[in-house]
Amino acid sequence: MSNPQVALGVHHAPRGISDRIALGFTKVLRFCADTFFAKRYGHRAIVLETVAAVPGMVGATLTHLRCLRRMEDDKGWIRTLMEEAENERMHLMTFIEVAKPTVFERIVILGVQWVFYVCFFLLYLASPKTAHRVVGYFEEEAVISYTHYLADIDAGRSENPPAPAIARHYWKLPADATLRDVVVVIRADEAHHRDVNHGFASELGGGQPGPVSPYPDHAAELRPEA
Ligand SMILES: [Fe+2]
Ligand SMILES: [Fe+2]
């Protein structure tokens, strides 16, 4: 169940100070995550997905408010960003079936959410372009991390249990799907978010969005029984 169309090695070369700040910020956070989690990929995914689901909702909220104030069209951005937040939350709901966060990790999640929400909100207010560039760079790192996770599964260093039911439903996977199949589609989600957010940043900077990696098919209802 590979997804050959997904462009894995995409990197937006920074142009200007705003891009450099976004890339620097991302590299600092990457270093922190690598130091904290090393190769505990399940735990890493849980903590980072609690962060990944924040920017879409912040961007949707502030874009919504700006469109109300200016009485102008959103060009579909608000739904795209809300859907991104929902998709990232489904990544979290999937990994919580795979690994259980420690008490310390739960405390880290509480603290990081306060700090990250406030910081990202203020960044988006000050410069939506930089904020979307940050998300584009975050997603570049997410694609790399999930590629490492797949390599670990393939090498037998990480377990490959059956896919959680919630993931099989959401990504429309077959009954015999495994965690590896889920990580492949999650990585494709991240590649799509990467290209969408880099595109938004480029548009806000007066440029043209680049090609967008295909989005995996998702169930319209998040739960099988809904
Ligand atoms: Fe994610
Ligand atoms: Fe993501």
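All values derive from a computational prediction rather than experimental measurement.

## Let's talk about the overall build of the chain
Point 1. Looking only at helices and strands, the chain features eight helices and zero strands.
Point 2. If you list the helices and strands of the chain from N to C, you get α-α-α-α-α-α-α-α.
Point 3. Computed over the C-alpha atoms, the radius of gyration of the chain is 17 Å, within 12% of the 17 Å expected from 2.2 N^0.38 for a compact globule of 226 residues.
Point 4. Considered along the principal axes of its C-alpha atoms, the chain spans approximately 50 × 35 × 30 Å.
Point 5. Expressed as a percentage of contacts within the chain between residues at least 6 apart in sequence, the contacts between residues at least 24 apart total 74%.

## So, the UniProt feature "transmembrane region" (unreviewed entry) in the chain
Point 1. Here the UniProt feature "transmembrane region" (unreviewed entry) sits at residues 107–126.
Point 2. Taken end to end, residues 107–126 has its terminal C-alpha atoms 29 Å apart, with 100% of it in helix and 0% in strand.

## Quick notes on unusual backbone geometry
Point 1. Phi is positive for Met-71, close to 50°, though the residue is something other than glycine.
Point 2. What makes Met-71 exposed here is the crowd of 6 C-beta atoms within 10 Å.
Point 3. Not every positive phi belongs to a glycine, and Lys-75 is a case in point at roughly 55°.
Point 4. Tracing the chain through its elements places Lys-75 in the loop between helix 3 (54–70) and helix 4 (77–95).

## Remarks on the nonpolar core
Point 1. One finds Val-134, Phe-138, Tyr-146, Val-182, Val-183 and Val-185 to be the most contacted residues of the largest nonpolar core, which totals 35 residues.
Point 2. Of all the secondary-structure elements, those providing two or more residues to this core are helix 2 (41–52), helix 3, helix 4, helix 6 (128–154), helix 7 (165–170) and helix 8 (179–204).
Point 3. The element that contributes the greatest number of residues to this core is helix 6, accounting for nine residues.
Point 4. Each residue touching Val-134, except ones within four places of it in the same chain, is listed here: Ala-22, Phe-25 and Thr-26.
Point 5. In this structure, Ala-60, Trp-77, Val-196 and Ala-201 belong to the second largest nonpolar core, which totals six residues.

## With respect to the packing of helix 3 against helix 5 (residues 103–126)
A pair of packed helices is captured by two measures, namely the crossing angle of their axes and the spacing between those axes.
Point 1. It is the contact of helix 3 with helix 5, at a shortest axis distance of 10 Å, that shows an interaxial angle of 40°. Here helix 3 is positioned oblique relative to helix 5, judged by the angle of their axes. Crossing of helix 3 against helix 5: the hand is right-handed. Counted together, Val-54, Pro-55, Val-58, Gly-59 and Leu-62 of helix 3 and Phe-116, Tyr-117, Phe-120, Phe-121, Tyr-124 and Leu-125 of helix 5 form the full contact between these two elements.
Point 2. Of the residues that constitute the contact of helix 3 with helix 5, the class distribution is 10 nonpolar, one polar and no charged.

## Observations concerning the environment of Pro-14
Point 1. Along the chain, Pro-14 falls in the segment before helix 1 (16–37).
Point 2. Using a count of 15 C-beta atoms within 10 Å as the deciding quantity, one classes Pro-14 as partly exposed.
Point 3. Measuring from C-alpha to C-alpha, the distance between Pro-14 and Tyr-137 comes to 9.9 Å, with 123 residues separating the pair along the chain.
Point 4. Those residues in contact with Pro-14 that sit more than four places away from it in its chain are Asp-19, Arg-20 and Leu-23.

## Notes on helix 2
Point 1. Given a rise of 1.5 Å per residue, 12 residues ought to cover 16 Å, and the 15 Å separating the end C-alpha atoms of helix 2 matches this to within 8%.
Point 2. A large share of helix 2 lies buried, amounting to 10 of its 12 residues.
Point 3. Of all the positions in helix 2, only Tyr-41, Arg-44, Ala-45, Ile-46, Val-47, Leu-48, Glu-49, Thr-50, Val-51 and Ala-52 are classed as buried.
Point 4. The elements touched by buried residues of helix 2 are helix 1, helix 3, helix 4, helix 5 and helix 6.

## Concerning the packing of helix 5 against helix 6
Point 1. Relative to each other, helix 5 and helix 6 sit at 130°, their axes nearing to 5 Å. Considering the angle they form, helix 5 stands oblique to helix 6. Here Phe-120, Leu-123 and Tyr-124 of helix 5 lie close against helix 6, whose contacting residues are Pro-128, Thr-130 and Ala-131.
Point 2. Considering only residue class, the contact of helix 5 with helix 6 consists of five nonpolar, one polar and no charged.

The rules behind these values
- Residues numbered from 1 in each chain as written.
- Chains lettered and ligands numbered in written order.
- Predicted model: local features only at pLDDT ≥ 70, side-chain atom pairs only at ≥ 80, totals over all residues.
- Helix = DSSP H or I, 4+ residues; strand = E, 2+ residues; numbered from the N terminus.
- Rg over C-alpha atoms; globule rule 2.2 N^0.38 Å.
- Contact = placed C-beta atoms within 7 Å.
- UniProt positions renumbered as here; feature names shortened; annotations may be inferred.
- Buried ≥ 20, exposed ≤ 12 C-beta atoms within 10 Å, placed from the backbone.
- Core = buried A, V, L, I, M, F, W, Y, C linked by C-beta atoms within 7 Å.
- Axes fitted to C-alpha atoms, helices over the stretch in contact; angles between N-to-C directions.
- Parallel < 35°, antiparallel > 145°, perpendicular 65-115°, else oblique.
- Left-handed = near helix turned anticlockwise from the far one by under 90°.
- Nonpolar A, V, L, I, M, F, W, Y, C, P; charged D, E, K, R; others polar.
- Expected span 1.5 Å × (residues − 1).

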